[in-house]
Amino acid sequence: IFRKVDNLKDTVLSEVMEDISAGIKTGMNSVFILEENETHEIEDELLKPILRGNEIKKYDIGIPDEYVIYTSDIQIDNFPRAKSYLSQYKGKLANRKDGAFKGKKWFELNIPLSTEVLGSNKIICPDISEKNNFAYDTEATYILNTAYLLRPTGKSDYSLNYLTGLLNSNVLEF
């Protein structure tokens with residue numbers, strides 16, 4: 001074990017990960033995040049199960065009970081129910097002050113992340129945690145910006161299972 005750990009000393013996480021980034025920032029969670037019983041108004045293809053950082057535990061991504069209205073790269077007129085719902089908040093949505101919102105349409109998420117990134121196998125973790133809480137996600141889980149994701153490079157010699165175990169280990173818990 002000591003030899004294996006010693007062999008890792010020259011490996012930097014950013015060298016084996018293609019992406020290390022925060023999750024989706026909606027710019028207005030009260031509008032874009034819906035509980036399961038509130039989703040009936042919105043077209044199913046726009047609803048994505050989403051987790052908050054505090055729902056991610058060591059080796060466990062939990063079961064999402066909220067949904068994000070994922071409005072990145074869509075023509076809102078093709079989704080009349082979503083447009084009707086979001087139009088109720090158009091003034092507030094159009095006037096979001098966050099710098100990431102500049103140049104976007106009023107119904108778009110501030111920082112959406114791509115469906116390719118969110119739909120891939122990845123390691124996820126909360127942004128704030130008293131201890132290491134990394135989970136291996138094979139379910140294409142969408143996460144809010146209270147969590148981070150790590151995606152491997154194509155040339156990594158380490159599996160995501162191995163890296164998740166290492167990141168959660170007592171060796172790295174300090």
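Participant: Could you give an account of the sheet that holds strand β1 (residues 17–22), naming the residues involved and the relevant values?
Facilitator: Taken together, the four strands give an open sheet; going across it, the order is β1-β8-β5-β6, and neighbouring strands pair in antiparallel fashion. The open sheet is flanked by β1 and β6 (135–137), the only strands paired with a single partner. Shown here is a sheet whose adjacent strand axes are inclined to one another by a mean of 25 degrees, direction ignored. Judged from the four bridges that link them, strand β5 (residues 122–126) and strand β8 (residues 147–152) form a sheet pairing that is antiparallel. In the strand pairing of β8, Ile123 is matched with Leu150. The sheet strands contacting helix α7 (residues 160–168) are β1, β5, β6 and β8, and the helix crosses β5 at an angle near 25 degrees.

Participant: How would you sum up the pattern of salt bridges? Please name residues and give values.
Facilitator: Going through the model one piece at a time under the given rule, you end up with five salt bridges. In this structure, the salt-bridge partner of Glu18 is Arg151, at a minimum N-O distance of 3.0 Å. Note that Glu18 is positioned in strand β1 and Arg151 in strand β8, a separation of 133 residues in sequence. Glu18 sits in the partly exposed class, given a relative accessible area of 49%. Looking at Arg151, the relative accessible area reads 9%, which means it is buried. Through salt bridges with shared partners, a single ionic network connects Glu18, Asp19 and Arg151.

Participant: Can you break down the environment of Asn168 residue by residue, with the values?
Facilitator: With respect to the secondary-structure elements, Asn168 resides in helix α7. With 82 residues separating them along the chain, Asn168 and Leu86 place their C-alpha atoms 40 Å apart.

Participant: Describe the packing of aromatic side chains, and please don't skip the residues or the numbers.
Facilitator: Under the criterion given, the structure shown has three aromatic pairs. Between the aromatic rings of Tyr70 and Tyr142, the centroid separation amounts to 5.4 Å while the plane-to-plane angle is 90 degrees, which identifies the pairing as edge-to-face. Taken as a pair, Tyr70 in the loop between β4 (66–69) and α4 (80–87) and Tyr142 in strand β7 (residues 142–143) lie far apart in primary sequence, 72 residues in all. Taking relative accessible area as the criterion, Tyr142 reaches 7% and is therefore assigned buried.

How each quantity is defined
Residues numbered from 1 in each chain as written. Predicted model: local features only at pLDDT ≥ 70, side-chain atom pairs only at ≥ 80, totals over all residues. Heavy atoms only, no water. Pairing = 2+ DSSP bridges. Helix = DSSP H or I, 4+ residues; strand = E, 2+ residues; numbered from the N terminus. Axes fitted to C-alpha atoms, helices over the stretch in contact; angles between N-to-C directions. Contact = heavy atoms within 4.5 Å. Salt bridge = Lys/Arg side-chain N within 4 Å of Asp/Glu carboxyl O. Buried < 20%, exposed > 50% of the residue type's maximum accessible area, 1.4 Å probe, protein only. Phe/Tyr/Trp six-rings, centres within 6.5 Å; stacked < 30°, edge-to-face > 60°.

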